[in-house]
Amino acid sequence: MTSSQVDRTDEPRAGSGAVGGDTPEEGYERGLGSRQVQMIAIGGAIGVGLFLGAGANIAKAGPSLILMYALAGVIIFFIMRALGELLLYRPVSGSFAEYSREFLGPFFGYFTGWTYWLMWVVTGMAELTAAAIYVHYWFPAVPQWVTALVFLVVLFVANLISVKLFGEIEFWFSMVKVTALIGMIVIGLGVLTFGFSSAGDTASVANLWQFDGFFPKGIGSSLMTLQGVMFAYLAVELVGVTAGESENPEKTLPKAINTLPWRIALFYVGALTVILCVVKWTEFAPGVSPFVEAFAKIGIPAGAGIVNFVVLTAALSSCNSGMYSTGRMLRTLADNGEAPRVFNKLSSTKTPAFGITVSVLFMGIGVILNYVVPEKAFGYVTSVATAAGIWTWLMILVSHILYRRAVDAGRLPASSFPAPGGAKCSWVAVVFLLFVTGLIAYDADSRICLYVMAVWAVALAVGWFVLKARNPQVTERREATFEKVG
């Protein structure tokens, strides 16, 4: 948005500078270039949920899982375009909490900031566990908790050094994942087209419907996989957290968001379609990566080891992103008086070092879980991350709906990156996410995460009342003042 679009005055917000500024300077180093932001966006759409979790979902839904990933992908695009419109209206680090605070009120900003922090802390625990399991494939004698601790320390140090190093690590992690997936798709298409390898005789597009149809377990069973599918898409919104440290957010953020459809079509829908054509769905099982299984059927030497390395990079990538985003979210909360002021300080390298350190200490609980219950550690935390992620997405959508309402009324300036369909697509996405939440509540195995979130909500509510008693002005609504546009 250029200055010629609107002339406005803003009320300052506690600790965060001008609320309505186009690109508020918050002390961060704008060290993430276009190349890194693009790869962070791509990496956010490829995670352990695809590489490992798809195995269990294929067993539940068969080939119809492709349709579930495509459906969820459309909703994710609606969410990201809503976020993109908000980001170009006011690009700011800690964006989800800031928009919730501006459009729904201080409590929602407080709740969303802390919940997004929780999501990444528990995701970090899960990914550390996953990484340790993958290393165990090569080195079974090394205790799982030792590997988790080593990865935790290495990524922690990298995040403290500079945002440029974080961006560079994430760039190469994402490069490995993207290259591997494209390679898998090309090999699978080669098997289908030319019939080479031990899987060539049975590989066929007809595998998508020949074994009890496209919905072999029924539509209801297919819909129940949506909760796992949504977990696979967690972190796609991370590009929004980079807004405060992108060199040119007005150019890099729209480009990153607009490439999301082809990334979903290629890496999720495309990869799964090729794999389920090469190997019939009945040969996949929970707990086994469908990519590892497919490579084993094709007969590629060391294929399982290659995929294991790729999945390891996916886990470390997610954990690396978690450390990055938790430190920034704690600083946003401290900016608004909703967390101790010490989290507001930046180190000499312009990173929120204290916030990252505290977050890493909480992620260390994952190391303890790997010591106490290594076989159950991963399952304990992933469902909580999904519930927290759904809350974050809902807040993005509701904030966008309220923002569009304010724009239509002439109270706020229009964004230079409007979402197609306006608020209508956001309403569709809200209904979809509420439907998925209902599925989670219906499923006895995943329902526990809603109980955990209920306890979390009570704890945050208590914290809010304590905060209100100690510092009432923090909990008062502070809105930007804009001149009427249009």
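Residues numbered from 1 in each chain as written. Predicted model: local features only at pLDDT ≥ 70, side-chain atom pairs only at ≥ 80, totals over all residues. Heavy atoms only, no water.

The next point concerns helix α7 (residues 144–161). Over its 18 residues, α7 runs 27 Å from end to end, which matches the ideal 26 Å to within 8%, given 1.5 Å per residue. Of the positions making up α7, those classed as buried are Q144, T147, A148, F151, L152, L155, F156, A158 and N159. One face of α7 carries all of its buried residues, which in axial projection span an arc of 165 degrees. (Helix = DSSP H or I, 4+ residues; strand = E, 2+ residues; numbered from the N terminus. Expected span 1.5 Å × (residues − 1). Buried < 20%, exposed > 50% of the residue type's maximum accessible area, 1.4 Å probe, protein only. Arc of directions from axis to C-beta.)

One pass over the full model with this rule turns up 19 aromatic pairs. Ring centres of Y116 and W120 lie 6.4 Å apart, and the angle between their planes is 85 degrees; this geometry places the pair in the edge-to-face category. With Y116 and W120 both in helix α6 (residues 106–138) and four residues apart, this pair spans about one turn of that helix. When sorted by exposure, Y116 lands in the same class as W120, which is buried. Ring pairing ties together the aromatic residues F107, F108, Y110, F111, W391 and W464, which thus form one cluster. When the ring centre of F417 is taken as origin, the NZ or CZ atom of R81, which lies over that ring, is 4.0 Å away. (Phe/Tyr/Trp six-rings, centres within 6.5 Å; stacked < 30°, edge-to-face > 60°. Lys NZ or Arg CZ within 6 Å of the ring centre and 35° of its normal.)

The next thing to look at is the packing of helix α4 (residues 65–89) against helix α13 (residues 260–278). The packing of two helices is summarised by the inter-axis angle and the distance between the axes. Running from amino to carboxyl end, α4 crosses α13 at an angle of 170 degrees, the nearest separation of the two axes being 10 Å. With respect to α13, the element α4 is oriented roughly antiparallel. For the pair formed by α4 and α13, the contact residues are L65, I66, Y69, A70, G73, I76, F77 and M80 on the first element and L260, P261, I264, Y268, V269, L272, T273 and L276 on the second. Classifying every residue of the contact of α4 with α13 by side-chain character gives 14 nonpolar, two polar and no charged. (Axes fitted to C-alpha atoms, helices over the stretch in contact; angles between N-to-C directions. Parallel < 35°, antiparallel > 145°, perpendicular 65-115°, else oblique. Contact = heavy atoms within 4.5 Å. Nonpolar A, V, L, I, M, F, W, Y, C, P; charged D, E, K, R; others polar.)

On the surface, W145, L149, V153, V157, I161, I368, Y371 and V372 cluster together to form a nonpolar patch covering roughly 750 Å² of accessible area. Taken together, the elements giving at least two residues each to the nonpolar patch come down to α7 and α16 (353–372). Take the nonpolar patch: its biggest share by element is five residues, from α7. Relative accessible area serves as the criterion here: at 36%, L149 is assigned to the partly exposed category. (Patch = residues over 30% accessible without salt bridge, like charges linked within 9 Å, V, L, I, M, F, W, Y side chains within 5 Å. Areas by Shrake-Rupley, 256 points an atom, 1.4 Å probe, with all protein chains shown as cover. Salt bridge = Lys/Arg side-chain N within 4 Å of Asp/Glu carboxyl O.)

What tends to happen in soluble globular proteins is that the nonpolar side chains get buried as a cluster. Formed by 148 residues in total, the largest nonpolar core has its most connected members in I76 and W393. Among the elements that make up this core, the one with the highest residue count is α6 (18 residues). The residues contacting W393, other than those within four sequence positions of it, are I76, I79, M230, Y233, L234, E237 and L433. (Core = buried A, V, L, I, M, F, W, Y, C linked by side-chain atoms within 4.5 Å.)

A complete count under the given rule lists four cavities of 30 Å³ or more for this structure. Here the second largest cavity is characterised by a volume of approximately 60 Å³. Residue lining of the second largest cavity: M184, I187, G188, V274, I275, V278, F291, A294, F295 and I298, and that is the complete set. Where the lining of the second largest cavity is concerned, the elements lending two or more residues are α8 (163–194), α13 and α14 (290–298). No other element matches the four residues that α14 contributes to the lining of the second largest cavity. Residues that form the lining of the second largest cavity fall into these classes: nine nonpolar, one polar and no charged. (1 Å grid on protein atoms, 1.4 Å probe; cavity = no way out; pocket = protein on both sides within 12 Å on 5 of 7 lines; lining within 4 Å. Points joined across faces, edges and corners; volume = space filled by probe spheres on them.)

Before going further, it helps to spend a moment on the pattern of salt bridges. Enumeration over the complete set of coordinates arrives at five salt bridges. Between E102 and R90 there is a salt bridge, with its nearest N and O atoms 2.8 Å apart. A residue pair is termed long-range when its members are at least 10 positions apart, and E102 in helix α5 (residues 95–104) and R90 in the loop between α4 and α5 qualify at twelve residues. Judged on exposure class, the residue E102 and its partner R90 are both buried. When salt bridges that share partners are traced, they join R90, E98, R101, E102 and E338 into one network.

Here K60 lies in helix α3 (residues 54–61). Sequence-wise, K60 and S221 are 161 residues apart; in three dimensions their C-alpha atoms are separated by 6.4 Å. If sequence neighbours within four positions are ignored, K60 has contacts with K217, S221 and T225.

A word on unusual backbone geometry. Positive phi, normally seen in glycine, also occurs at D212, with a value near 70 degrees. Mapping D212 onto the fold places it in the loop between α8 and α9 (219–224).

This next bit is on the side chain of T326. Relative to the assigned elements, T326 resides in helix α15 (residues 303–335). Residue classification places T326 among the buried residues on the basis of a relative accessible area of 1%. At 3.2 Å, the side chain of T326 and the backbone oxygen of M323 are in polar contact. T326 has contacts with W117, W120, V121, S359 and M363, leaving out every residue within four places of it along the chain. (Polar contact = N/O pair within 3.5 Å; in protein donor to acceptor, adjacent residues only side chain to side chain.)

This next bit is on the packing of α5 against α6. Closest axis-to-axis distance for the α5/α6 pair is 6 Å, and the angle between their directions is 160 degrees. With respect to α6, the axis of α5 lies roughly antiparallel. The two elements α5 and α6 cross, and the hand of that crossing is right-handed. Touching F96, A97, S100, R101 and L104 of α5 are P106, F108, G109, Y110, T112, G113 and Y116, all from α6. Taken together, the residues that form the contact of α5 with α6 break down as seven nonpolar, four polar and one charged. (Left-handed = near helix turned anticlockwise from the far one by under 90°.)

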